[in-house]
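Breakdown of the fold
Here is what each chain is made of, one letter per residue.
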Amino acid sequence: MKYLHDIGEYFLMLKKVFGRMTKTSVLRGLIFKEIDDLIISSLGIVIFISFFIGGVVTIQTALNLNNPLIPKSLIAFTARQSIILEFSPTFISIIMAGKVGSNITSSIGTMRVMEQIDALEVMGINSANYLIFPKIIAMLFYPFVIAISMFVGIAGAYAAGVLGGFVAGEQFLNGLQNDFISFHLVYAFIKTFFFAIILATIPAYHGYYMKGGALEVGKASTTAFVWTSVVLILANYLLTQLLLS
Amino acid sequence: MIQVNNLHKSFGEEEILKGINTQFYQGKTNLIIGQSGAGKTVFLKCLLGLFEPTDGTIEYNGQAYSSLDAEKQRDLRQKMGMVFQGSALFDSMTVAENVMFPLRMFTNQKKKVMMDRVDEVLERVDLQPAKAKYPAEISGGMQKRVAIARAIVNKPKYLFCDEPNSGLDPKSAIMIDNLIQEITRENDITTVINTHDMNSVLEIGENIVFLQKGVLAWQGNHTQIFKTENEAVTDFVYSSDLFKKVRDAQLKGL
């Protein structure tokens, strides 16, 4: 019953988020601030992880291709498919559930504990719109982060494969272009769009409705991470089934 | 003036407020006192419109809040200022930005006009030198004064304070009490203060509402509270020896 209550409360929160709007001039500033906090500040870690995971995927694939009949270009093909289809959209999103999600839950949760959300409500401000709407809009830029992750991941794969001596540069580039299906990119970005909404709203829900003090802010961040990851994985399965099967 | 008529508030089966009838007067510091669990915070949140009463009405200058449509309720909310127990300042904003916040949200004034008003209000609470500081960089007493400045910057008709001097040293607490009383008189606003602090009761209690287990047990002012025979009030007010001695001295005319 509690899960049903929470799901209902989540959708009521979303209704409130898109209810009465905050003044446009104020909202504009908040959106830019959230883009900086949630998107720009995440680029460093996303680039770092993507580059090295791209490299690891390439090395592991290369070390498992012992049969001389299998062309080396398959290394690049495998790295490309892994990165575009799954690594960048899904696993980066799970990492972002930890980084962005805990940022959202703890910032909103702390405002709840410190009565700042009550202060907004007393002033007649739609606190859900003021706090959560700018985060949702900022997260619409999340597909750009994933595009960068894909590019850097493939660059990492090239660096590890070619500079590591596992595959020649020309073979790698051939493999990268082999059997490229452009819909796979569309699929990846559709997934990313849904993941962005999940990443913005589930942690926000856990922060907005949290009760208690500082200790509970920490607990809410952990719970938000767990639930965001669970929903991301389920959504990933559902969207893959709908779009690729 | 705020008129409360037969106010009931329940959470599930538990009835917190049990038919309160009272008035809070304009230009006066109205205090709500009572033991923990008496229903003071729930009462204050009902007055603020954060809790919807289960039954009864609250009238603000003759307008019942529940009879207003959503837009008029929002308009009325904008005429309310609130000082929270923990100040509830926005950490990411400076003192001046915190005070300017209601003006940015609800007016279309130019930045210079807003800044002039912020300066005026900060001057009033004696915080001009701290205007560029962040809440974390100032003391608890200063944070309370910033909260008061933010509450009055948009010229409210009603000011609500939830334990405004809790956690402050006695000198700062008296300063906050006096500041609230002066602002109430200067601006002729209806101020309602939820407090435990007996110094506040004796210093600025122009209209005191005593709650006991969700019922209004007594109402009067700081002079009358010394003379009341109401046992619940005397038990609460004179629970410390110091106040017993103050009462005895008052009654003896010392």
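All values reported here derive from a predicted model rather than from experimental measurement. (Residues numbered from 1 in each chain as written. Chains lettered and ligands numbered in written order. Predicted model: local features only at pLDDT ≥ 70, side-chain atom pairs only at ≥ 80, totals over all residues.)

1. Description of the overall build of chain B
Our working rule: Where helices and strands are cited, they refer to DSSP runs of H or I of at least four residues and of E of at least two residues respectively, numbered from the N terminus. Restricting the calculation to C-alpha atoms gives the radius of gyration, and the globule rule supplies 2.2 Å times the number of residues raised to the power 0.38. The burial criterion counts other C-beta atoms lying within 10 Å of a residue's C-beta, which is placed from the backbone; the residue is buried at 20 or more, exposed at 12 or fewer, and partly exposed between these limits. Contacts are defined on C-beta atoms placed from the backbone: any two residues whose C-beta positions lie within 7 Å are in contact.
Per the secondary structure count, chain B includes ten helices and ten strands. The globule rule puts the C-alpha radius of gyration for 254 residues at 18 Å, and the 19 Å found for chain B is close to it. Seen through its C-alpha atoms, chain B measures out along the principal axes to roughly 55 × 45 × 30 Å. Within chain B, the fraction of its 254 residues that count as buried is 42%. Nonlocal contacts in chain B, meaning residues at least 24 apart in sequence, comprise 65% of its contacts between residues at least 6 apart.

2. Points about the overall build of chain A
A count of helical and extended segments in chain A gives ten helices and zero strands. Ordered by position from the N terminus, the helices and strands of chain A form the series α-α-α-α-α-α-α-α-α-α. Each principal axis of the C-alpha atoms in chain A carries an extent, and together these give about 70 × 40 × 35 Å. Counting all 245 residues of chain A, 42% fall into the buried class. Look at the contacts in chain A between residues 6 or more apart in sequence, and 88% of them connect residues 24 or more apart.

3. Looking at the interface of chain A and chain B
Convention followed: Note that Gly is not counted as nonpolar here; it falls among the polar residues with everything else outside the nonpolar set of Ala, Val, Leu, Ile, Met, Phe, Trp, Tyr, Cys and Pro and the charged set of Asp, Glu, Lys and Arg.
Contact with chain A, which involves twelve residues of that partner, is made by 14 residues of chain B. Looking at which element gives the most residues to the side of chain A that touches chain B, the answer is helix H5 (residues 116-122) of chain A, with five residues. Split by residue class, the side of chain A that touches chain B holds six nonpolar, two polar and four charged.

4. A word on the packing of helix H5 (residues 140-152) of chain B against helix H6 (residues 170-187) of chain B
All names here are of chain B. Here is the rule we go by: To define axes, lines are fitted to C-alpha atoms, for helices over the stretch in contact only, and angles between the resulting N-to-C directions are given on a 0 to 180 degree scale. Each angle is binned into one of four classes, with values under 35 degrees roughly parallel, values over 145 roughly antiparallel, values of 65 to 115 roughly perpendicular, and all other values oblique. Two helices cross in a left-handed way if the nearer one is turned anticlockwise from the farther one by less than a right angle. They cross in a right-handed way if the turn is clockwise.
Closest axis-to-axis distance for the H5/H6 pair is 10 Å, and the angle between their directions is 10°. As the angle between them shows, H5 and H6 are arranged roughly parallel. Relative to H6, the crossing made by H5 is right-handed. Facing Gly141, Lys144, Arg145, Ile148 and Ile152 of H5, the residues of H6 in contact are Ser172, Ile176, Leu179, Ile180, Ile183 and Asn187.

5. Looking at the pairing of strand E2 (residues 14-24) of chain B
Residues and elements named next belong to chain B. What counts is decided by this rule: By the convention used here, strands pair only if DSSP detects at least 2 bridges between them.
Sheet analysis places strand E1 (residues 2-11) next to E2, joined by eight bridges and oriented antiparallel. Bridge pairing in E2 links Gln3 to Gln23. Counted along the chain from E1 to the antiparallel partner E2, the turn is two residues long, and its residue Gly12 has a positive phi close to 65°.

6. Describing the pairing of strand E3 (residues 29-33) of chain B
Two faces, one strand: in a regular strand the side chains alternate between the faces of the sheet. All names here are of chain B. Summarising burial for E3: five of the five residues are buried, a large majority. Residues Thr29, Leu31 and Ile33 line one face of E3 and the alternating positions Asn30 and Ile32 line the opposite face, and both faces are buried. Across four bridges, the pairing between E3 and strand E8 (residues 190-194) is parallel. Looking at the pairing, Thr29 lines up with Thr191 of E8. Here four bridges tie E3 to strand E9 (residues 207-212), and the two strands are oriented parallel to one another. In the strand pairing of E9, Ile33 is matched with Phe210.

7. Quick word on the sheet that holds E1(B)
Residue and element names in this part refer to chain B. Taken in spatial order, the four strands line up as E2-E1-E4-E5 in an open sheet, and their pairing is antiparallel. Taken across any chain shown, the strands that pair with only one partner, and hence form the sheet edges, are E2 and strand E5 (63-64). Sheet analysis places E1 next to strand E4 (residues 55-60), joined by five bridges and oriented antiparallel. Considered in E4, the bridge of Val4 is made with Ile58.

8. Remarks on the sheet that holds E3(B)
All names here are of chain B. Across the sheet, six strands lie side by side as E6-E7-E8-E3-E9-E10; this open sheet has mixed pairing. Strand pairing shows two members of the sheet lacking a second neighbour, strand E6 (80-83) and strand E10 (215-220), which therefore form its edges. Adjacent strand axes in the sheet meet at a mean angle of 20°, parallel and antiparallel pairs treated alike.

9. Brief notes about the packing of helix H7 (residues 142-163) of chain A against helix H8 (residues 169-177) of chain A
All names here are of chain A. Interhelical geometry of H7 versus H8 gives an angle of 145° and a closest axis separation of 10 Å. Once H7 is placed against H8, the crossing between them reads as right-handed. Residues Ile154, Tyr158, Gly161 and Val162 of H7 touch H8, and the partners they reach there are Gly169, Phe172 and Leu176. When grouped by side-chain class, the residues that make up the contact of H7 with H8 number five nonpolar, two polar and no charged.

10. Some details on unusual backbone geometry
Residue and element names in this part refer to chain B. A positive phi angle is found at Asp126, which is not glycine, with a value near 60°. Residue placement: Asp126 occurs in the loop between helix H4 (111-124) and H5. Its identity as a non-glycine residue notwithstanding, Lys155 has a phi of 50°, on the positive side. You can see Lys155 is positioned in the loop between H5 and strand E7 (158-162). Judged by local crowding, Lys155 falls into the exposed class, with 12 C-beta atoms found within 10 Å.

11. Let's talk about the environment of B:Glu123
Mapped onto the elements, B:Glu123 comes out in helix H4. On a C-alpha basis, the gap between B:Glu123 and B:Ala149 in space is 9.3 Å, while along the polypeptide they are 26 residues apart.

12. As for the nonpolar core
Condition: Working definition: the nonpolar core is a set of buried Ala, Val, Leu, Ile, Met, Phe, Trp, Tyr and Cys residues, joined through C-beta atoms within 7 Å.
Counting 129 residues, the largest nonpolar core has A:Leu199, B:Val99, B:Ala149 and B:Phe160 as the members making the most contacts within it. Of the residues forming this core, the biggest block, 14 residues, is contributed by helix H4 (residues 73-113) of chain A. If near-sequence neighbours (up to four positions away) are discounted, B:Phe160 is found in contact with B:Leu44, B:Leu47, B:Leu48, B:Met80, B:Met82 and B:Val192.

13. A look at the confidence of the model for chain B
Reading fine detail from the predicted coordinates is not recommended where pLDDT is low. Keep this limit in mind: As a per-residue measure, pLDDT reflects the predictor's confidence and takes values from 0 up to 100.
Predicted confidence across chain B gives a mean pLDDT of 88, with 98% of residues reaching 70 or more. The ipTM for the predicted assembly is 0.82, set against a pTM of 0.86.

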